[in-house]
Amino acid sequence: APLNAAQVALLEGETGYLMFFTRGDGVAPHMSAFIDNVAFLIDFPDVTLSAVPSSGPAGTTFLLTGSNNVPYGEVEFCEESCDNGTLNSEPIYADARGDVLAYLSTDVNADPGSYTIISRVKGLAGRSASTTITIQAASQPTLSVSPARGPAGTVFVAEGANLLPN
């Protein structure tokens, strides 16, 4: 019988072994039986992916955070589609919980717009997630200092706008 929600909650985070027992007639060649074509439905939470910040000017470095990947599995990051190759030049692996962190640096000449970033567990169809990052149109940085001048001991306040966040 299927497990109810309370039973599933009790098993969450636990590990165990699955054993099959077969019944044979005890006479050769039927002393044991073979079990073949056994399929299990394992309910893993969906893979997640997010970016911090979610938008910034060209040159911004985004922190990609993913969860529910395969523990210790290799995770690939792609733009729009993984058919065109991956963004990571070195393998990136999830930790024991399936979490992964990666930095995505954008070029200072990147075109403004929204980009879909995909994470997928290498070699495992269906274990992927996506998020969107936005490259904002370039704005001229500004910097002001107040007061413009003063004698020794004067407190100056510098204020800037449209600077790179990192």
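Before any of the text, the structure's been laid out above.
Here the structure is a predicted model, which means the values were calculated and not measured.

**Concerning the overall build of the protein chain**
A tally of regular secondary structure across the protein chain gives 1 helix and 10 strands. Counting from the amino terminus, helix and strand elements in the protein chain follow one another as α-β-β-β-β-β-β-β-β-β-β. Burial analysis of the protein chain (166 residues in total) assigns 22% to the buried set. Here the contacts in the protein chain between residues at least 6 apart in sequence split such that 50% fall between residues at least 24 apart. Surface exposure of the protein chain reaches about 12400 Å², of which carbon and sulfur atoms provide 56%.

**Let's talk about the side chain of Thr 60**
Of note, Thr 60 is situated in the loop between strand 2 (55-57) and strand 3 (61-67). Among the residues examined, Thr 60 registers a relative accessible area of 0% and is labelled buried. Only 2.6 Å separates the side chain of Thr 60 from the backbone oxygen of Pro 57, close enough to count as a polar contact.

**Some remarks on the pattern of salt bridges**
Applying the stated rule across the entire model yields 3 salt bridges. One salt bridge connects Glu 74 with Lys 122, and the closest N-O pair in it is separated by 3.9 Å. In this pair, Glu 74 sits in strand 4 (residues 74-79) while Lys 122 sits in the loop between strand 7 (113-121) and strand 8 (128-136), placing the two residues 48 residues apart along the sequence. Between Glu 76 and Arg 120 there is a salt bridge whose closest N-O contact spans 2.6 Å. Remark: Arg 120 occurs in strand 7 and Glu 76 occurs in strand 4; sequence separation between them is 44 residues. Judged by its relative accessible area of 10%, Glu 76 is buried.

**Side note on the sheet that holds strand 3**
Pairing is antiparallel across the open sheet formed by 3 strands, whose spatial order is 1-3-6. Across the chains shown, the open sheet's two edge strands, defined by having one partner strand only, are strand 1 (48-52) and strand 6 (100-105). Geometrically, the sheet is characterised by an average inter-axis angle of 25° between neighbouring strands, direction not taken into account.

**Remarks on the state of the cysteines**
Tallying each qualifying case throughout the model produces 1 disulfide. Each sulfur in the disulfide pair Cys 78 and Cys 82 lies 2.0 Å from the other. Every disulfide takes its handedness from the sign of the S-S torsion; for Cys 78 and Cys 82 that torsion is 100°, giving right-handed. With respect to class, Cys 78 is no different from Cys 82; both count as buried.

**Some details on the sheet that holds strand 2**
Strand order in the open sheet made by the 5 strands is 2-8-7-4-5, with mixed pairing throughout. What marks the edges here is a single partner per strand, and that holds for strand 2 and strand 5 (92-93). Summarising the sheet, strand 4 and strand 7 pair through 5 bridges and their orientation is antiparallel. Pairing of Glu 76 across the sheet is with Arg 120, part of strand 7.

**Here's the deal with the nonpolar core**
Formed by 17 residues in total, the largest nonpolar core has its most connected members in Leu 49, Leu 64, Phe 77, Leu 104, Ile 117 and Ile 133. Not counting chain neighbours up to four residues away, the residues in contact with Ile 133 comprise Ala 51, Ser 54, Phe 62, Leu 104, Gly 113, Ser 114, Tyr 115 and Ile 117.

**Points about unusual backbone geometry**
Cis geometry is adopted by the peptide bond preceding Pro 53, which originates at Val 52 and carries an omega value of -10°. Here Ser 146 and Pro 147 are connected by a cis peptide whose omega angle stands at -10°. Tracing the backbone through its elements, the reader meets Pro 147 in the loop between strand 9 (142-146) and strand 10 (157-161). One non-glycine residue, Asn 68, adopts positive backbone phi at about 65°. One can find Asn 68 in the loop between strand 3 and strand 4. Taking the relative accessible area as the measure of exposure, Asn 68 reaches 24% and is therefore partly exposed. One non-glycine residue, Tyr 72, adopts positive backbone phi at about 65°. Inspection of the secondary structure assignment puts Tyr 72 in the loop between strand 3 and strand 4.

Calculation rules
- Residues numbered from 1 in each chain as written.
- Predicted model: local features only at pLDDT ≥ 70, side-chain atom pairs only at ≥ 80, totals over all residues.
- Heavy atoms only, no water.
- Helix = DSSP H or I, 4+ residues; strand = E, 2+ residues; numbered from the N terminus.
- Buried < 20%, exposed > 50% of the residue type's maximum accessible area, 1.4 Å probe, protein only.
- Contact = heavy atoms within 4.5 Å.
- Areas by Shrake-Rupley, 256 points an atom, 1.4 Å probe, with all protein chains shown as cover.
- Polar contact = N/O pair within 3.5 Å; in protein donor to acceptor, adjacent residues only side chain to side chain.
- Salt bridge = Lys/Arg side-chain N within 4 Å of Asp/Glu carboxyl O.
- Pairing = 2+ DSSP bridges.
- Axes fitted to C-alpha atoms, helices over the stretch in contact; angles between N-to-C directions.
- Disulfide = S-S within 2.5 Å.
- Core = buried A, V, L, I, M, F, W, Y, C linked by side-chain atoms within 4.5 Å.

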